[in-house]
Amino acid sequence: MKKIAGLLVAALALATVAWSQGALLINGAGASFPYPIYSKWFDEYRKAHGNAEINYQSVGSGAGIKQVTDGTVDFGASDGPMNDEQIKAYTDKHGYGILHFPTVLGAAVPTYNVPGASAALNFTPEALAGIFLGKITKWNDPAIAGANKGVNLPANDIVVVHRSDGSGTTYIWTDYLSKVSDEWKNKVGKGTSINWPVGLGGKGSEGVTGLIKQTPNSIGYVELIYAAQNSVPYGAVKNAAGTFVKADLASVSAAAAGAAKSMPDDFRVSITNAPGKTAYPISSFTWLLIPAKISDAGKRNAIKDFLKWSLADGQNYAEALSYAKLPKEVVAKEAKALGSIQ
Amino acid sequence: MASSSTTVPGAGPIVGSRSFLSKLREGDEIARLITFIFAAAVVLVTLLLVYELWRDSVLARQKFGLAFLWTRVWDPLADQYGALPFIYGTVVTSTVALFIAVPLGIGAAIFLAELAPARVSDTLEFFIDLLAAVPSVIYGLLGFLAVVPLMREYIQPALKKTMLPIFSGPAYGLGFLTAGVILAIMVIPFIISVSREVLLSVPRDQREAALALGSTRWESTWKVVVPFARTGIMGSIFLALARALGETMAVTMVVGNVVAITPSLFSPGYSIAAVIANEFTEATGQLYSQALIELGLVLFLLTFILNGLARLLIIATSQRGSGMGHA
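Okay, so let's go over this structure. (Residues numbered from 1 in each chain as written. Chains lettered and ligands numbered in written order. Predicted model: local features only at pLDDT ≥ 70, side-chain atom pairs only at ≥ 80, totals over all residues.)

1. So, the overall build of chain A
Looking only at helices and strands, chain A has 13 helices and 11 strands in total. Radius of gyration (C-alpha) of chain A: 22 Å, near the 20 Å computed for a compact globule of 342 residues. Taken along its principal axes, the extent of the C-alpha atoms in chain A is 80 × 55 × 35 Å. Here chain A holds 342 residues, and the buried ones make up 49% of them. Relative to all contacts within chain A whose residues are 6 or more apart in sequence, the contacts with residues 24 or more apart total 73%. (Helix = DSSP H or I, 4+ residues; strand = E, 2+ residues; numbered from the N terminus. Rg over C-alpha atoms; globule rule 2.2 N^0.38 Å. Buried ≥ 20, exposed ≤ 12 C-beta atoms within 10 Å, placed from the backbone. Contact = placed C-beta atoms within 7 Å.)

Quick look at the structure:
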């Protein structure tokens with residue numbers, strides 16, 4: 001009896017080893033914002049192309065950058081491009097560079113809970129900056145009321161909510177505020193984790209949404225997808241052309257289309273406050289971080305093939321999951337850049 | 001031949017060779033060695049932990065030095081870090097928790113050990129043990145979904161009417177007070193369990209002597225039994241404190257996660273464990289992550305100091321007698 005059990009265990013172990021050695025395993029880690037679309041992609045890619053299994057851990061943009069720099073994963077993902085310091089750290093450690101490939105587009109929206117507000121709210125850049133700096137403290141402040149004529153705004157104190165954990169969404173939000181407000185740029189700055197002047201911190205998009213739903217007279221920011229899926233009311237933001245635009249797939253793509261013409265070769269561009277009448281001003285690409293040199297030929301070919309697939313077939317899955325597709329010019333430029341992965 | 005191990009207990013296996021081997025054959029020495037290794041392993045793991053924390057926070061320690069402990073700024077963009085707001089938050093939430101949990105816990109333990117019928121006591125003990133086993137994330141959710149609205153709508157406005165400075169400011173529902181309340185709920189089961197056991201183990205003759213001398217039931221409980229069990233009860237309080245200091249998820253969901261030091265209990269704040277849980281995975285940059293590790297070291301130190309004080313307090317009070325000569 002014991003012998004049979006022992007043999008079974010040994011056979012099972014061998015079988016597991018054999019089975020796992022058949023598939024090529026590629027590991028990635030990074031941003032949680034694009035996790036739904038990435039996991040759909042990895043699944044569909046494996047169904048279509050057999051032997052490459054891509055495993056992705058959605059641990060956050062910062063952790064993704066850290067892990068790809070440490071070399072513990074084969075690729076990273078981030079909602080904010082790596083800054084010059086981080087790229088230098090990577091190049092110093094590995095001897096070759098790291099490439100950014102935009103995959104889909106996302107947006108950050110202002111969500112709020114104003115009891116008694118009779119309609120969806122409009123926010124000007126000055127209002128948003130003032131609220132998050134702590135200078136605009138009441139909902140019926142002229143800076144907010146001026147953009148919302150006819151809406152019944154209460155004279156209550158604004159409760160600001162932000163992310164307590166480091167996040168790519170925070171990066172997009174603070175990047176936008178730095179562009180539209182000099183005071184924000186000098187006093188606070190942009191980053192995944194910052195020293196907030198005011199506001200309560202919620203952990204994760206779930207934390208922020210939960211806080212806003214629970215706390216009357218609150219305002220915060222979450223990803224567009226999150227707001228849509230959780231039916232949290234979100235407002236329109238005035239873009240660079242002066243129109244109040246509510247975030248949706250069309251307006252986010254419009255923001256990217258404007259930036260496509262001046263896209264730098266390394267794809268590290270910020271498209272917040274983009275030009276264009278229909279562009280949503282708080283939009284952003286999200287990037288995959290691929291090492292410029294991959295020594296394992298099997299992994300290299302699989303990654304290049306996956307990227308090619310994601311730029312073509314992969315884009316078709318984006319809209320169903322509420323991510324905006326990449327504009328054609330960007331796709332074409334990326335397809336060319338694939339050649340630089342050695 | 002006399003072996004030195006019998007004359008110098010605890011000196012370890014330093015004995016005359018013949019008797020050591022014979023002891024070995026008997027199995028005693030082996031058992032002693034093995035259990036000694038297990039005990040030593042625990043100490044070793046603790047020391048290793050401290051060493052790792054010390055080593056991985058080197059950049060932060062060199063840059064900030066001791067001033068880290070009283071700096072109030074926490075700015076990842078400017079790379080300026082200070083531990084004071086987090087130490088303050090940890091201490092305040094734990095204090096509020098103990099303030100609420102100690103009277104309730106000891107009172108409940110006295111009821112269960114002394115005044116309740118055995119069946120009631122055992123049933124309630126079952127539920128209390130259940131409460132102690134609930135994961136802290138559940139407490140966090142409970143806090144967030146049930147306690148926070150309760151605080152915001154009813155309790156904080158009511159406390160505000162007392163006009164005390166510690167109950168001032170806008171009532172968000174989140175903050176030091178709510179975190180303290182949730183922590184109190186989490187640590188009460190520990191206080192009750194341990195205190196009840198200790199009270200039950202007080203010898204019957206103590207109670208009977210008091211009753212025989214004419215004291216009432218309550219007097220014998222409060223003036224004889226509880227002081228006798230004093231050291232055990234204090235031990236349970238420090239166990240509760242240790243849990244409250246390190247509690248992460250439940251605190252981060254209700255404390256507000258704001259880096260600030262304010263005297264009011266209504267204000268949102270932060271604690272060491274909460275900031276590490278929130279920021280560590282995304283901390284890019286050596287100084288940032290090492291500052292967080294240094295915070296971990298600070299928490300370890302805080303726990304160590306408080307536990308040390310607890311030990312000293314217990315030794316001091318037990319040397320004064322275990323309540324038998326109490327007048």
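Back to the text.
2. Overview of the interface of chain A and chain B
In this complex, chain A contributes 26 residues to the contact, which on the side of chain B involves 22 residues. Of all the secondary-structure elements, those providing two or more residues to the side of chain A that touches chain B are α3 (61–70), β7 (200–202) and α9 (204–214) of chain A. Ranked by residue count, the leading element in the side of chain A that touches chain B is α3(A), at 5 residues. Taken together, the residues of the side of chain A that touches chain B break down into 6 nonpolar, 16 polar and 4 charged. (Nonpolar A, V, L, I, M, F, W, Y, C, P; charged D, E, K, R; others polar.)

3. Side note on the packing of helix α6 (residues 118–133) of chain B against helix α8 (residues 176–200) of chain B
All names here are of chain B. Across the interface, α6 lies against α8 with an axial gap of 9 Å and an inter-helix angle of 135 degrees. The angle between α6 and α8 places the two elements in the oblique class. In the crossing of α6 with α8, the sense of the turn from one axis to the other is left-handed. Residue-level inspection shows Glu125, Ile128, Asp129, Leu131 and Ala132 of α6 in contact with α8, the latter providing Pro189, Phe190, Ile192, Ser193 and Arg196. Residue composition of the contact of α6 with α8, by class: 6 nonpolar, 1 polar and 3 charged. (Axes fitted to C-alpha atoms, helices over the stretch in contact; angles between N-to-C directions. Parallel < 35°, antiparallel > 145°, perpendicular 65-115°, else oblique. Left-handed = near helix turned anticlockwise from the far one by under 90°.)

4. Brief notes about unusual backbone geometry
The phi dihedral of A:Phe267 falls on the positive side, at around 65 degrees, and the residue is not glycine. Within the secondary structure layout, A:Phe267 lies in the loop between α11 (249–260) and β11 (283–291).

5. A short note on the packing of α8(B) against helix α11 (residues 230–246) of chain B
Residue and element names in this part refer to chain B. Interhelical geometry of α8 versus α11 gives an angle of 155 degrees and a closest axis separation of 8 Å. Of the possible angle classes, the one that applies to α8 and α11 is roughly antiparallel. Crossing geometry of α8 relative to α11 is assigned as right-handed. Contacts between α8 and α11 pair Leu183, Met186, Val187, Phe190, Ile191, Val194, Ser195 and Val198 from the former with Gly232, Ile233, Gly235, Ser236, Ile237, Leu239, Ala240, Arg243 and Ala244 from the latter. Of the residues belonging to the contact of α8 with α11, the class tally is 12 nonpolar, 4 polar and 1 charged.

6. So, the sheet that holds strand β6 (residues 159–163) of chain A
All names here are of chain A. Pairing in this open sheet of 8 strands is mixed, and the strands run β2-β1-β3-β11-β4-β8-β6-β7 from one edge to the other. One side of each edge strand has no neighbouring strand; the edge strands of this open sheet are β2 (52–57) and β7. Each adjacent strand pair in this sheet contributes to an overall mean axis angle of 25 degrees, direction not counted. Pairing between strand β4 (residues 98–113) and β11: 9 bridges, direction antiparallel. In the sheet register, Gly106 faces β11, and the bridge partner there is Ser284. Of the strands in this sheet, β4, β6, β7 and β8 (218–223) touch α9, which is tilted by about 150 degrees from β8. (Pairing = 2+ DSSP bridges.)

7. Thoughts on the sheet that holds strand β9 (residues 236–238) of chain A
Residue and element names in this part refer to chain A. Across the sheet, which stays open at both edges, the 3 strands sit in the order β5-β9-β10 with mixed pairing between neighbours. One side of each edge strand has no neighbouring strand; the edge strands of this open sheet are β5 (122–123) and β10 (244–245). Where β5 meets β9, 2 bridges bridge the pair, whose relative direction is parallel. Bridge pairing in β9 places Phe123 opposite Val237.

8. Some words on the nonpolar core
If you look at the biggest cluster of nonpolar residues, it comprises 172 residues, and the most contacted ones within it are A:Ala256, A:Leu289, B:Ile182, B:Leu183, B:Val187, B:Ile191 and B:Val254. With 16 residues, α8(B) is the largest single contributor of residues to this core. Setting aside residues no more than four positions away along its own chain, A:Ala256 makes contact with A:Leu105, A:Ile271, A:Ser283, A:Phe285, A:Leu326, A:Pro327 and A:Val330. (Core = buried A, V, L, I, M, F, W, Y, C linked by C-beta atoms within 7 Å.)

9. Overview of the environment of B:Ser201
You can see B:Ser201 is positioned in the loop between α8 and α9 (204–212). Remark: the alpha-carbon pair of B:Ser201 and B:Val137, spanning 64 residues in sequence, is separated by 34 Å.

10. With respect to helix α10 (residues 217–228) of chain B
Residues and elements named next belong to chain B. Along its 12 residues, α10 runs 16 Å from first to last C-alpha, staying within 8% of the 16 Å computed at 1.5 Å per residue. Listing the buried residues of α10 in full gives Ser220, Thr221, Val224, Val225, Val226 and Phe228. On the buried face of α10, the contacting elements are α5 (84–115), α8, α9 and α11. (Expected span 1.5 Å × (residues − 1).)

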